[in-house]
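Observations on the three-dimensional arrangement
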Amino acid sequence: MAEGAKEKYVEELVDQSDDFSRWYNQVVRKAELADYAPVRGCMIIRPYGYAIWEHIQRLLDARFKETGVMNAYFPLLIPRSFLEREAKHVEGFAPEVAWVTRGGGEELEEPLAIRPTSETIIGYSFARWIQSYRDLPLLINLWNNVMRWEKRTVLFLRTAEFLWQEGHTAHRTLEEAEERTRLMLEVYRSFVQEDLAIPVLHGRKSENEKFAGALRTYSLEAMMRDGKALQSATSHNLGHNFAQSFDIQYLDADGQRKYCATTSWGLSTRIIGAIIMVHGDESGLILPPHVAPYQAVVVPIWRKDADQGAIMEAIGRIERMLKGKVRLKVDLSDNTPGWKFNEWELRGVPVRIEIGPRDVQNNSVVLVRRDNRAKEAVAIDALETRLPELLAEVQQALFQRALAFREEHTYYAETYDEFKEIMSEKRGFVRVKWAEDSEAELAIKEETKATLRLIPFDQPEGGVQGRCFYTGKPATCEAVFARSY
């Protein structure tokens, strides 16, 4: 294929500023992350996209286990009677539940829900497993799929079936449950910022936005490059609600039977959508090194067959040197170097390693960063040290760039008129003084399509002074609004 052919292929990506949604869908498809399934609203995660998910699983699972959590597995099908035992929970999920009513050609005695989330079947099991305070805390996590019958779907961001992890814990007291809820939010925050290079706000959801059946919900909110928010992880203190519905009790040290306090927390494949939309540019993906399927790609360059042997020998040295230290891909396809450059830029590989006849003569290679395309010549013998350093630099640079973007697109509004002007003309996060009024929150959503993303933990020292930007009532906190996915 001619070198210009691939360049044209990449140029077919629409500019982010022209049509961000179209750009996103093009990148997902062209970078071979996912494809549409023959079942409405579902997606097929292709190997390159699934490799990203595998690294997310590996890194996040290790963080969970450091806090004492163990993995388990629960059935995909949940009896209807289970969902009905927690009224607010079933009310919240009813429109999204898919049902199995026939099996083996016969009508089922009781319809089975395809798991929208597992709180109810977990509650049933916890009630059987927990007898005494000595059985607490009980800390488990599930890596599974769920189904929520979405009407409007977008690959990774919102699909009828998706992959996630859902953690579930049971505790002696509400205070212990709250501590675990906040701990897991912090696990998510550090993972998303340190491993995915995505800066996030963290705080409490409003009563309108909290999880169905929860006492309170906390979340992470990230800003995409179109100024919209994406909820990136949630952690729920379920209080005694599910424990009372499923009779999860324990005999305490004082001889009294008491209800457990429970929690749940989750992060899904929509976080891959966040990686795409936070870091990507006009040439496609830019992947954080920690989760990139390939952290570096070697592109050999030769015109004369006589040069091939020496270049391949040098590449062999590089592979042996970096084995187990860097996830390396050597592109030996018969495409032109220009085609390969564009292909691996589209796929977001953090560093490209170029090696040609002159480089072999100098016993060196050229390293090219994906995030800013900066080049540097490095001796082959120094690669073992320099390449991991460079990958760490790229990881940090991606975080700092995303943080600067978020700060540049975060605004403060004193009045509702200012708020509406920002939402219509600028987009981004808008921080306001807020009186925690649920009806006002719904009215703002109806009028501006902006939702209250969270009440951040970082409130003004000494409390909020002044009045709510919308109702004029004395403000009780600061809140962040945005349009969202």
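Residues numbered from 1 in each chain as written. Predicted model: local features only at pLDDT ≥ 70, side-chain atom pairs only at ≥ 80, totals over all residues. Heavy atoms only, no water.

With that settled, the discussion passes to the sheet that holds strand 5 (residues 98–103). Working definition: the strands of a sheet are paired by backbone hydrogen bonds and lie parallel or antiparallel to each other. Read across the sheet, three strands follow the order 4-6-5 without closing on themselves; strand pairing throughout is antiparallel. Two strands lie at the open edges of the sheet, namely strand 4 (77–79) and strand 5, each paired on one side alone. Shown here is a sheet whose adjacent strand axes are inclined to one another by a mean of 50°, direction ignored. Two elements, strand 5 and strand 6 (residues 106–114), share five bridges in a ladder whose sense is antiparallel. Bridge pairing in strand 6 links Ala98 to Ile114. (Pairing = 2+ DSSP bridges. Helix = DSSP H or I, 4+ residues; strand = E, 2+ residues; numbered from the N terminus. Axes fitted to C-alpha atoms, helices over the stretch in contact; angles between N-to-C directions.)

It is the contact of helix 10 (residues 305–322) with helix 13 (residues 383–408), at a shortest axis distance of 10 Å, that shows an interaxial angle of 65°. Taken together, the axis directions place helix 10 and helix 13 in an arrangement best described as roughly perpendicular. Handedness of the helix 10/helix 13 crossing: right-handed. Of the residues in helix 13, those touching helix 10 at Ile318, Met321 and Leu322 are Leu383, Glu384 and Leu387. Its residues assigned to classes, the contact of helix 10 with helix 13 comprises five nonpolar, no polar and one charged. (Parallel < 35°, antiparallel > 145°, perpendicular 65-115°, else oblique. Left-handed = near helix turned anticlockwise from the far one by under 90°. Contact = heavy atoms within 4.5 Å. Nonpolar A, V, L, I, M, F, W, Y, C, P; charged D, E, K, R; others polar.)

In terms of burial, strand 7 (residues 138–147) is a largely internal element, nine of the 10 residues being buried. Here strand 3 (residues 70–72) runs beside strand 7; their pairing, made up of three bridges, is parallel. Along strand 7, the bridge assignment pairs Met70 with Ile140. Both strand 7 and strand 8 (residues 161–171) contribute to a ladder of 10 bridges, which runs antiparallel. If you follow Asn144 over to strand 8, its bridge partner there is Trp164. (Buried < 20%, exposed > 50% of the residue type's maximum accessible area, 1.4 Å probe, protein only.)

Here Lys30 shows up in helix 2 (residues 20–30). Relative accessible area serves as the criterion here: at 18%, Lys30 is assigned to the buried category. Within the local environment of Lys30, its side chain forms a polar contact with the side chain of Glu12, the two groups lying 3.3 Å apart. (Polar contact = N/O pair within 3.5 Å; in protein donor to acceptor, adjacent residues only side chain to side chain.)

So, on to the sheet that holds strand 8. In spatial order, the strands read 3-7-8-14-11-10-9-22-23-21-20; together these 11 strands make up an open sheet with mixed pairing. Across the chains shown, the open sheet's two edge strands, defined by having one partner strand only, are strand 3 and strand 20 (410–412). Taking each pair of neighbouring strands and ignoring which way they run, the sheet shows an average axis angle of 30°. One ladder, built from three bridges, connects strand 22 (residues 451–456) with strand 23 (residues 477–482); its direction is antiparallel. Paired with Leu452 across the bridge in strand 23 is Phe481. The strands touched by helix 3 (residues 47–66) are strand 3, strand 7, strand 8 and strand 14 (261–268); relative to strand 7, the strand with the most contacts, the crossing angle is about 165°. Of the strands in this sheet, strand 21 (429–434), strand 22 and strand 23 touch helix 15 (residues 438–448), which is tilted by about 150° from strand 21.

A cluster of nonpolar side chains, namely Tyr73, Leu76 and Leu77, defines an oily patch on the protein surface of about 280 Å² accessible area. Inspection of the secondary structure puts Leu77 in strand 4. A relative accessible area of 34% means that Leu77 is categorised as partly exposed. (Patch = residues over 30% accessible without salt bridge, like charges linked within 9 Å, V, L, I, M, F, W, Y side chains within 5 Å. Areas by Shrake-Rupley, 256 points an atom, 1.4 Å probe, with all protein chains shown as cover. Salt bridge = Lys/Arg side-chain N within 4 Å of Asp/Glu carboxyl O.)

The description of two aromatic rings rests on the distance between their centres and on the angle between their planes. Scanning all chains against the criterion turns up 22 aromatic pairs. Both rings, one in Tyr218 and one in Phe457, keep their centres 5.6 Å apart while their planes meet at 50°; by these two values the pair is tilted. You can see Tyr218 sitting in strand 10 (residues 216–223) and its partner Phe457 sitting in the loop between strand 22 and strand 23, a full 239 residues away along the chain. Assessed through its relative accessible area of 3%, Tyr218 is described here as buried. Taking NZ or CZ as reference, Arg85 lies 5.9 Å from the ring centre of Phe82, over its face. Against the face of Tyr218 rests Arg182, its NZ or CZ located 5.2 Å from the ring centre. (Phe/Tyr/Trp six-rings, centres within 6.5 Å; stacked < 30°, edge-to-face > 60°. Lys NZ or Arg CZ within 6 Å of the ring centre and 35° of its normal.)

This next bit is on the nonpolar core. Within soluble globular proteins, side chains that are nonpolar generally end up buried alongside one another. Of all hydrophobic cores here, the largest spans 59 residues; its most connected members are Ile56, Phe156, Leu267 and Ile276. Core analysis: the second largest hydrophobic core is formed by 25 residues, Leu83, Leu142, Ala170 and Phe242 among them. (Core = buried A, V, L, I, M, F, W, Y, C linked by side-chain atoms within 4.5 Å.)

With that out of the way, let us pick up the pattern of salt bridges. A complete count under the given rule lists 37 salt bridges for this structure. With a closest N to O distance of 2.8 Å, Glu178 and Arg216 form a salt bridge. Here Arg216 lies in strand 10 and Glu178 lies in helix 7 (residues 174–194), a separation of 38 residues in the sequence. Measuring nitrogen to oxygen at the nearest pair gives 2.8 Å for the salt bridge that ties Asp252 to Lys258. On the accessibility criterion, Asp252 (9% relative accessible area) is buried. Among the residues examined, Lys258 registers a relative accessible area of 29% and is labelled partly exposed.

A word on the environment of Thr173. Examined against the element boundaries, Thr173 turns out to sit in the loop between strand 8 and helix 7. Among the residues examined, Thr173 registers a relative accessible area of 27% and is labelled partly exposed.

With that settled, consider the packing of helix 14 (residues 416–425) against helix 15. Direction vectors running N to C along helix 14 and helix 15 enclose 40°, while the axes themselves pass 11 Å from each other. It follows from the interaxial angle that helix 14 and helix 15 lie oblique. Handedness of the crossing formed by helix 14 with helix 15: right-handed. Here Tyr416, Phe419 and Lys420 of helix 14 come into contact with helix 15, specifically with Ile444, Glu447 and Thr448. Class assignment of the residues belonging to the contact of helix 14 with helix 15 gives a composition of three nonpolar, one polar and two charged.

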